[in-house]
Amino acid sequence: MRKMTCTDVEQANPGYPQTPVLVDMSEQLTEAQQEAVEHIDGPMLILAGPGSGKTRVVTHRIANLLQHGIAPHRIAALTFTNKAADEMRIRLGTLAPGQDVWMGTFHRFCARLLRRYAPLVGLQENYSIYDTADSKQAMKRAVTAANVSTSHTSPEQIAAVISRAKNRLVGPEMMQGQSLRANETVAARVYPVYQQQLLTANAVDFDDLLFHIARLLRESPELRAELDQRYQYIMVDEYQDTNLAQYAIVRSLSIDYPNLAVTGDPDQSIYGWRGADLNNILDFEKDYPHVKTVRLEKNYRSTPNILRAADQLIRHNTRRKNKQLLTDREEGAAVVLRMYEDGYREADDIADQITAAIAMEDCRPRDFAVFCRMNALTRSLEHAFRSRSLPYQIVNGVEFYQRKEIKDLLAYLHLINNPAHDVALLRVINVPTRGIGAKTIERLRDFADSHRLPLLEAARRVDQIDTLPARSATKVRQFVEMFDRLSIKATAALEDLVLYLLEETGYRKYLEKSSVDEQDNSPLANVDEFVTATVEFDRQHPDDGSLEAFLEQVALVSDTDAWEESNDRVTLMTMHAAKGLEFPRVFIIAVEDDLLPHYRCKEDPMQVEEERRLLFVGITRAEQQLQLSYCKRRAMRGEMRPVVGSPFLMELPREEMRSVEPDDSNQFFDAPDEFAYPDSWDLPAVDANDDHDELCQLPPEEQMPEKPAKSDKALPAALTTAAKLLDNQDQTQKVPLSAFKQGMVVTHAEYGGGRIATLTGRGPKCTATVEFFNGTQRSFRLAFAKLVPGDQDLD
DNA sequence: ATGCGCCAAGTTTTT
DNA sequence: CTTGGCGCAT
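Residues numbered from 1 in each chain as written. Chains lettered and ligands numbered in written order. Predicted model: local features only at pLDDT ≥ 70, side-chain atom pairs only at ≥ 80, totals over all residues. Heavy atoms only, no water.

## Some details on unusual backbone geometry
For step 1, the next point in the chain: Residue Pro 432 is reached from Val 431 by a cis peptide bond, and omega for that bond is -5°.
For step 2, the next point in the chain: Tracing the chain through its elements places Pro 432 in the loop between helix 18 (422-428) and helix 19 (438-451).
For step 3, the next point in the chain: The phi dihedral of Asn 202 is positive, around 55°, even though this residue is not glycine.
For step 4, the next point in the chain: Of note, Asn 202 is situated in the loop between helix 8 (182-200) and strand 5 (203-204).
For step 5, the next point in the chain: Residue classification places Asn 202 among the buried residues on the basis of a relative accessible area of 1%.
For step 6, the next point in the chain: Its identity is not glycine, yet Asp 594 carries a phi of approximately 75°, on the positive side.
For step 7, the next point in the chain: Mapped onto the secondary structure, Asp 594 falls in the loop between strand 13 (583-588) and helix 27 (605-619). (Helix = DSSP H or I, 4+ residues; strand = E, 2+ residues; numbered from the N terminus. Buried < 20%, exposed > 50% of the residue type's maximum accessible area, 1.4 Å probe, protein only.)

The structure is reproduced here in structure tokens:
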């Protein structure tokens, strides 16, 4: 189970302006790095390739600023993830101990400002931050209240449109006139309602954090000037991932004091879907005319083999800044390109490889990472790892905070902190059940909506709702009374508050009663862990009104923040989550068409480029060894489907890579009928730039560079000819899985005849244990085993 | 009002 | 294979 992390972001020791700064300038920095570190005033763009020591440069630069007498509180370092901020804080801690430089994510930066200036946007300072699930609930309610037809759209789509609007700084009023497309028109009508309801609930969603601050800065010149002066030296990490709102914020804080230093790499921009605008970094030099540009092109992380693969791949993109990847390191092992029959074998083999390496070589579980495109793909690996007792950590898994019992507890806390938090109230008003059903809630909501009141306030005025039966009104009144009892404890230590509410609300009893049979990961155990986390938080925040801080913390931590470097475990994560990390040995699984260039973005060349960058990010995490793999078939939404390798694989320097096919050439049933080349490949891969290799324009068959020796075997499925396919199919006997029954006689190609002793599992996992007539006993996955019914002769 | 069970839908990436 | 939404029986 995931551990809760309680990293404090605010550092509360303002009294150390004169602490000596321990910049160890004797540490070797390259010329380019030195240049960046020593830059003080004016805008700077640091184009930092992967593994180029960017964090080191940034922290050294901050130390250098401090050494030049710039007050720590004049500096702010904005990052994209908490993880990156923590890393920076630790590194700066060794260079300049005790300095109070603000470091954190954009969202946290804005959240903090918004606490102070909440009234300016119509909020109170105890406003709540809705997470994605909360906004989804709120959106549904807004859609209902706006009374629009959702026949051709969904709340999710509307939410996406509104989110995009906010990221582009388009407010509800601006959207009315301009929209054209159908679902945008609907969204435009929901938008103001949604926003009004957020305001009533004294809440913001993630986008609002940026949006409100960006607007404030634009509409209040005084405030803008004040904050510009307050934060005279701003650094932005991962600048290629900023959206327009973030751009605007940074921009308006760098007018009077244009000492803005941004680091980034256009090739690692992978958040376009979230509104990130690559132009922010591509046009930085235009936006800030006297900008100093520094390129960090030397890579300290990966072997030349890995870098060449990354470089070849990314060359196929058009929207980028030319950049070399240089290294002094030794060649290292060839990059491995591996094909598997299916995802299970892929998982098993990777688990075996890792197990063997740990046993035979000088490496540990923490040296390994497995990346994938979607979280769902970690399932099979999890299974394989667990069965081998290989320690692993999933950075994402079933997220702790998303479990029902944790969300319920958090909802109670949210409600205590912000009684207007409607989503929280709706969540807990009848959990455990208190006789407040759907009808009652509907009436409460109608009353609240028509009076623009928070639901709890409506509940307080339950007497004014004449449509409500007396019995229901009583229940509601009892709930309000209970809430008031909780409220009294709001300022108590978090732990006490949580323990108190567990009893007072009857929630603990409710859990004890409802969860009898569940053993692993029982809700009660999660509740205990939650309590532990509050204890920890209390310990770290002895003074401040910790409930609000705690809730903000929880809202703004992401799953990627759960990753713990100190654990000696194999890491399983998405490539998005992997950004900024590095591992000696990396496996990237499911590099398959429709998955890596995800099918939902294949029509848009820009998005395909982003997918390519995603793979680039994955590849460049690897220090020493890298394996890319794909399968012939993969279980998707419950059933096996044939798949083909990603077209990106064709863009790699395959002649120098090591291609591996499954060593046991097991036949399989239901051979995929289309191993055909993906259509997208027929499109010219990249038009534009000078330097793309002509291989791309050849038809698939000729595209393969000549292979040395046994290249035939090494051909990926994607390139298998139709003729071979037919061949293959002819040899493959099609036997439906259902043909196998317990007790029946079967024949195996290697072991000969035998009898099925047991049959377990279903579908692709169906496994037969066979007692062979020669005395041995073996288990097989029916879907893959060379097993046929009856007592036959096999050639 | 509650709670169970069925059916349908929809599956990217995250602050 | 999972979640969420809805309808039915208690």
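## Describing the pattern of salt bridges
Should the charged atoms of two oppositely charged side chains come close, the side chains can pair.
For step 1, the next point in the chain: For the structure on display, the rule yields 51 salt bridges.
For step 2, the next point in the chain: With its nearest N and O atoms 3.5 Å apart, the salt bridge here joins Lys 579 to Glu 238. Residue Lys 579 is located in the loop between helix 26 (575-578) and strand 13, and its partner Glu 238 is located in the loop between strand 6 (233-236) and helix 11 (244-252); the two are separated by 341 residues in the primary sequence. Across the pair, exposure class does not vary: Lys 579 and Glu 238 are buried alike.
For step 3, the next point in the chain: Through salt bridges with shared partners, a single network forms among Lys 54, Asp 237, Glu 238, Asp 241 and Lys 579. (Salt bridge = Lys/Arg side-chain N within 4 Å of Asp/Glu carboxyl O.)

## Topic: the environment of Glu 504
For step 1, the next point in the chain: Relative to the helices and strands, Glu 504 resides in helix 22 (residues 494-504).
For step 2, the next point in the chain: Distance from Glu 504 to Gly 645, taken between C-alpha atoms, is 56 Å for residues 141 residues apart in sequence.
For step 3, the next point in the chain: Dropping the residues within four chain positions of it, Glu 504 is found in contact with Met 482, Arg 485 and Leu 486.
For step 4, the next point in the chain: Reaching out from Glu 504, the side chain makes a polar contact with the side chain of Arg 485 at a distance of 2.5 Å. (Contact = heavy atoms within 4.5 Å. Polar contact = N/O pair within 3.5 Å; in protein donor to acceptor, adjacent residues only side chain to side chain.)

## Observations regarding empty space enclosed by the protein
For step 1, the next point in the chain: A complete count under the given rule lists three cavities of 30 Å³ or more for this structure.
For step 2, the next point in the chain: Estimates place the volume of the largest cavity at around 60 Å³.
For step 3, the next point in the chain: Among the elements that take part in the lining of the largest cavity, helix 25 (residues 546-556) stands out by supplying four residues, more than any other.
For step 4, the next point in the chain: The residue makeup of the lining of the largest cavity, split by class, is four nonpolar, three polar and three charged. (1 Å grid on protein atoms, 1.4 Å probe; cavity = no way out; pocket = protein on both sides within 12 Å on 5 of 7 lines; lining within 4 Å. Points joined across faces, edges and corners; volume = space filled by probe spheres on them. Nonpolar A, V, L, I, M, F, W, Y, C, P; charged D, E, K, R; others polar.)

## Details of the pairing of strand 9 (residues 336-342)
For step 1, the next point in the chain: Burial of strand 9 is extensive: seven of the seven residues sit out of reach of the surface.
For step 2, the next point in the chain: Two strands pair when backbone bridges link them, and strand 9 and strand 14 (residues 622-636) are joined in this way by six bridges, in the parallel orientation. What sits directly across from Met 339, in strand 14, is Tyr 630.
For step 3, the next point in the chain: Inspection of the sheet shows strand 9 paired to strand 16 (residues 658-660) by three bridges, in the parallel sense. Note that in strand 16 the partner of Leu 337 across the bridge is Ser 659. (Pairing = 2+ DSSP bridges.)

## Examining the domain arrangement of chain A
For step 1, the next point in the chain: Assigned domains of chain A: these are domain 1 (31-118 + 209-296), domain 2 (129-201), domain 3 (326-395 + 563-660), domain 4 (400-514 + 523-558) and domain 5 (739-794).
For step 2, the next point in the chain: Measuring from the centre of the C-alpha atoms in domain 1 to the corresponding centre in domain 2 gives 31 Å.
For step 3, the next point in the chain: Our enumeration of links across domain 1 and domain 2 arrives at one salt bridge.
For step 4, the next point in the chain: The interface formed by domain 1 and domain 2 holds four residue pairs in polar contact (both at pLDDT 80 or more) in total.
For step 5, the next point in the chain: Secondary structure elements with two or more residues in the side of domain 1 that touches domain 2: helix 9 (206-219) and helix 11.
For step 6, the next point in the chain: The element contributing the most residues to the side of domain 1 that touches domain 2 is helix 9, with five residues.
For step 7, the next point in the chain: Considered class by class, the residues forming the side of domain 1 that touches domain 2 number seven nonpolar, two polar and three charged. (Domains from an automatic or database assignment.)

## Side note on the packing of aromatic side chains
For step 1, the next point in the chain: Tallied over the entire structure, the rule returns 12 aromatic pairs.
For step 2, the next point in the chain: Seen from their ring centres, Tyr 412 and Tyr 507 are 6.4 Å apart, and the 70° between their planes marks the pair as edge-to-face. With Tyr 412 in helix 17 (residues 404-417) and Tyr 507 in helix 23 (residues 507-514), this pair connects stretches of sequence that are 95 residues apart.
For step 3, the next point in the chain: Take Tyr 507: its relative accessible area is 1%, and that puts it in the buried class.
For step 4, the next point in the chain: On the numbers, 6.0 Å between centres and 80° between planes, the contact of Phe 530 with Phe 550 is edge-to-face. Within this pair, whereas Phe 530 is found in helix 24 (residues 523-540), its partner Phe 550 is found in helix 25, the two being separated by 20 residues in sequence.
For step 5, the next point in the chain: Classification of Phe 530 as buried rests on a relative accessible area of 0%.
For step 6, the next point in the chain: These aromatic residues form a ring-pair network of at least three members: Phe 80, Tyr 271 and Trp 273.
For step 7, the next point in the chain: The lysine or arginine in question, Arg 115, covers the ring of Tyr 127, its NZ or CZ lying 4.0 Å from the ring centre. (Phe/Tyr/Trp six-rings, centres within 6.5 Å; stacked < 30°, edge-to-face > 60°. Lys NZ or Arg CZ within 6 Å of the ring centre and 35° of its normal.)

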